[in-house]
Amino acid sequence: MKEYVNIKLRKEFKSSIIDKYRDNKSPLMQILQESQKQFGCVPVEIQQLISEELNISTAKIHGVVSFYSMFSLKPAGKHIIGICTGTACHVKGAQRLVDRVEKELGIKYGETTKDGLFTLAPTRCVGDCSKAAVVMVDDTMYGNETGESIIKILKSYQNKKS
Amino acid sequence: MDTIKLKINNQEIEVPKGKTILELARNLDIDIPTFCYDERLKSDGACRMCVVEVEGVDRLLTSCSTQAAEGMNIQTHSEEVIQARKDILDLTWASHPNECVVCDANGECKLQDYSYEYQISPDPVYTGHKREFDIITSNKFFYIDPEKCILCGNCVNVCTDLQKVEALSFIERGYKTYVSFAFEGDMETSNCVSCGNCVSVCPTGAMVEKSKDLFRIWETTKTRTTCPYCGVGCQFDLVVKNNKVVRIDPAPGIPNEGLLCVKGKFAFKFINHKDRLTTPLIKENGEFREATWNEAYDLITSKFLTIKNEYGANSFAGLSSAKVTNEENYMFQKLFRAVIGTNNVDHCARLCHASTVAGLATTLGSGAMTNSIGEVKYNDVIFVIGSNTTETHPVIGSFMKQATAKGAKLIVADPRKIELANGADVFLGIKPGTNVALLNAMMNVIYKENLYDKEYISTRTEKFNELVEIIKTFTPEKAADICGVKAEDIIKAARIYASGDKAAIYYAMGITQHSQGTNHVKSIANIAMMCGNVGKESAGINPLRGQNNVQGACDMGGLPNVYPGYQKVFNKEVQAKFEKAWAVKLDDKVGLSIPHILNGAYDKLIKFLYIMGENPMVSDPDTTHVKASLNNLDFLVVQDLFMTETAELADVILPASSYAEKDGTFTNTERRIQKIRPAIPPIGNSKPDLLIIQELMNSLGYPQKILTSSEVMDELALITPIYQGVNYERIDNLGLQWPVKDKNHPGTKFLHEGSFSRGLGLFTPVEYIKSKELPDEDYPLILTTGRVLYHFHTISMTGKNEEINEIIPRNYIEIHPSTAAKYKIKHMDSIKVSSRRGETIAEVHVTSKISENVVFMPFHFADGANMLTNTALDETCNIPELKVCAVQINGLV
């Protein structure tokens, strides 16, 4: 298995994150969230580290990580695209948006682009149905989206990169 | 007892309060179907198959998780209930592969059985799409087929709550959920111990042994018997097709409660292995040739007569065996004492718990585990010292973890950070051989802080004052220096141990295999008595016996100083009793122990050695010396299942039958005498050891009537007080724990209740004395040895299982990262290691489990650890110092 987080980062993660939460009543979720935030995922090495430090088995940790869609095993892209597939957005053609973005980026729902720029993350209702169909890119929300408008948005992020 | 009245299927019953509806129904033989129910676990109510109708409740209730209550009117098979069960089966079937005809579980699948019972349509009523998964094959012994999994959760729950390993988990969620190990089933990163307890509880074909034998369950027979590996004495069924053992199923109840370990569950391939010895072999001109039994007996008899005439009875010696039955051990020592006329009979308990027998007999009056395995779960403090329990006695290890999950405190003292250390309240990583320093310091704290049990000391023990003299100056700081641990941890451990009302100590070779072994054991007795922790339920001193019948082999007098039941050979009354029973004159001199038998052979004083089911070429210290000694014999008889390293040196080899082919009893570590039963006939021309010994006795001129093992038990019970009340009828179901004083005595769950076997418990102050061979400039590292989960003793049985060999293929050495760096060696390098006695090659395992300047090697491998180990002996009990010697690393090979 390729190592994603080196020893130095693991040590830092232990002292800054695990030690911070270890005495909480159920520290696992908080630590996993911190990992997701810091590394864009919960890599195997981090799960093993948590397992050793908290004496929780890796199977159980992996079970939790795979249960919640907010965690991923592999690093997510730099930008997270969330196309809402809630009821209102679905009626307003969310599936067409997903198809369009999949085609544009050459990835499937839930995957990350090869250049690591985008992850098309599974997303349920974000709570702003009056603006359906809604798309989130990172923390920014875009409303009343169509196939064409969303491509423009993605382009703007791609341009930022270069 | 509080009772309630209720109606179940129109039948009025009065039952004790606090039972679930399912339990009541099962007691009444009402068959309620379940997938996920396991009486050992808290009910989840996950599968919903056990639903019942209760009058006045507007929905169906899961009977497994609903307490029966006063006045309930319950229907277990009403129309509505049956429809609900059908719905569940229809829904399950809709996403289940229709593969029964080729499924390994065909015939023992609950989904199949219930679908038939409830007459489900073969064409799915619901059209859900079938789930698609790859079969998970990463475990060596079994596979997981998630498509056949009904997600009942039994495997996950057993792994988490009973085995306490938590190697399995539900991965993903909703429709995509499956059960697997962490990280795509990668065994390298998994903590799975391959116990197979998940497989045993799977109701469908989702978890199945990777068996090369094709069998349908209806083609097989099952025979309940006792595991031939460690001293836990697990009960299981041998599943046999065409005289071949094809699977092992754990049995519910005492002592293992349906659990097994990897050896018990999967390492059975030795039974029908092609390398089994199937005919007697006689060595001529350095080569073995096949022989008949009569030829073999005649040769042994003629050698016996010549050697006895020329050198006398004391030039003979025999090694009895901790692996064969009680009846066989009894007959073997009878052969030596009554027929040959010598007390030179010993067995490899000499190498494991001789110090326990000596140390506890002195202090308490009886050298056995004081408590029962079932009591482990009720300890409130568990102190494990010198025992890697989860590997050496895996089921007891799981029970310990179950106890800590319920709140028991755990103290672990061991040179290695063993698995149990991870969940311990205190872990003391002591240097090998420093147990006494640690225990004295703990007693110092307990004394100073007034935490000892004064009433117990004054009413049940003697000579406490003498102990105080020694311990009062032995401060934690002093011990901290000697042991290489923190003084504050010693203090913490002492306080925890003293705080326990049901504190139990568990120990094994880490305490016993030292030149001061007897003193280490006495020290254990001191601390336990000081805190009033012996002679009550769930509190005591528990030496964990290593082999299936090492307790029994000792009980049966496979020792040079005692007849069966620890009756001294030099006691005139005892001698007279045995002379009468066996109708011969007996020798009243204590015979030789194994180390002295081997030295005697080396010096050509012992001429004739008969080894039954032992392999000293691997198990005994200083292999070079062992080999030279055996080569110096005039005549060597070896009786075994396989051509072991020792058998190769024999003049005659007698092929014995395995435990699966014979009748008899094993006595497990909790003193429980349990049956073994034949599941297949003897392989080839092999014979059960009991028959061989009796035939040989006749050949040697002693009129021994050929007895069945049951008859032998009757004979030995008459002259062995602790087995007095034992017979086959009484032990058929459950076994009995000795002492069993008469035919009505129920056996003894825990020892020393009210008073000790010797009357008052004796405090024996013990000074800390260093191990005989410590590191110096030439040999700068301490070598300590031990067992691993996957192998048993000299691997003559476990090594016949491919999968086991793939996991632990060869000798290895555990080295701390900084020690490895110092010698510039890397993980998986092959290196030469030597001591003053010899050298060996080992694969490097770099791990921080072990401390700096200490290295660990398993003792299982031929020409391995015991090429290096020290033969220095404990003077009292003659146990060799297998746990500590000095070695050097000679670089890569």
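Analysis parameters
Residues numbered from 1 in each chain as written. Chains lettered and ligands numbered in written order. Predicted model: local features only at pLDDT ≥ 70, side-chain atom pairs only at ≥ 80, totals over all residues. Buried ≥ 20, exposed ≤ 12 C-beta atoms within 10 Å, placed from the backbone. Helix = DSSP H or I, 4+ residues; strand = E, 2+ residues; numbered from the N terminus. Pairing = 2+ DSSP bridges. Contact = placed C-beta atoms within 7 Å. Core = buried A, V, L, I, M, F, W, Y, C linked by C-beta atoms within 7 Å. Axes fitted to C-alpha atoms, helices over the stretch in contact; angles between N-to-C directions.

1. Describing the pairing of strand β28 (residues 664–667) of chain B
All names here are of chain B.
Moving on, step 1. Residue alternation in β28 divides its side chains into two sets, G664 and F666 and T665 and T667, and both sets are buried.
Moving on, step 2. As judged from the four bridges shared by β28 and strand β29 (residues 672–676), these two strands associate in the antiparallel manner. For G664, the partnering residue across the bridge sits in β29 and is I676.

2. Overview of the interface of chain A and chain B
Often, the extent of an interface is quoted as the loss of accessible area upon association of its parts.
Moving on, step 1. Every contact between the two is made by 11 residues of chain A and, on the other side, 15 residues of chain B.
Moving on, step 2. Of all elements in the fold, only α3 (44–54) and α4 (58–67) of chain A reach the threshold of two or more residues within the side of chain A that touches chain B.
Moving on, step 3. Ranked by the residues each element gives to the side of chain A that touches chain B, the list is headed by α4(A), at seven residues.

3. Focus: the nonpolar core
All names here are of chain B.
Moving on, step 1. By size, the foremost hydrophobic cluster in this structure holds 255 residues, and its most contacted members are L438, M442, I490 and Y497.
Moving on, step 2. In terms of residue count, the dominant contributor to this core is helix α13 (residues 435–448) (nine residues).
Moving on, step 3. Leaving out residues up to four positions away in the same chain, I490 has contacts with L428, L438, A441, M442, V445, P476, A479, A480 and V485.

4. Some thoughts on the sheet that holds strand β1 (residues 3–8) of chain B
Backbone hydrogen bonds are what pair the strands of a sheet, in a parallel or an antiparallel way.
Residue and element names in this part refer to chain B.
Moving on, step 1. Within the open sheet, the five strands sit side by side as β2-β1-β5-β3-β4. Their pairing is mixed. The sheet terminates laterally at β2 (11–16) and β4 (61–62), the two strands that pair on one side only.
Moving on, step 2. Taken together, the six bridges between β1 and β2 define a ladder with antiparallel strand orientation. Bridge pairing in β2 places T3 opposite P16.
Moving on, step 3. In this fold helix α2 (residues 79–94) packs onto β3 (51–54) and β5 (73–75), with an angle of close to 155° to the strand it touches most, β3.

5. Thoughts on the pairing of strand β21 (residues 503–507) of chain B
All names here are of chain B.
Moving on, step 1. In terms of burial, β21 is a largely internal element, five of the five residues being buried.
Moving on, step 2. Taking every second residue as pointing to the same face, both faces of β21 are buried, with A503, I505 and Y507 on one and A504 and Y506 on the other.
Moving on, step 3. Bridge analysis of strand β17 (residues 381–385) against β21 gives five bridges, and the strand direction is parallel. Note that in β21 the partner of I385 across the bridge is Y507.
Moving on, step 4. Sheet analysis places β21 next to strand β22 (residues 540–543), joined by four bridges and oriented parallel. In the strand pairing of β22, Y506 is matched with N542.

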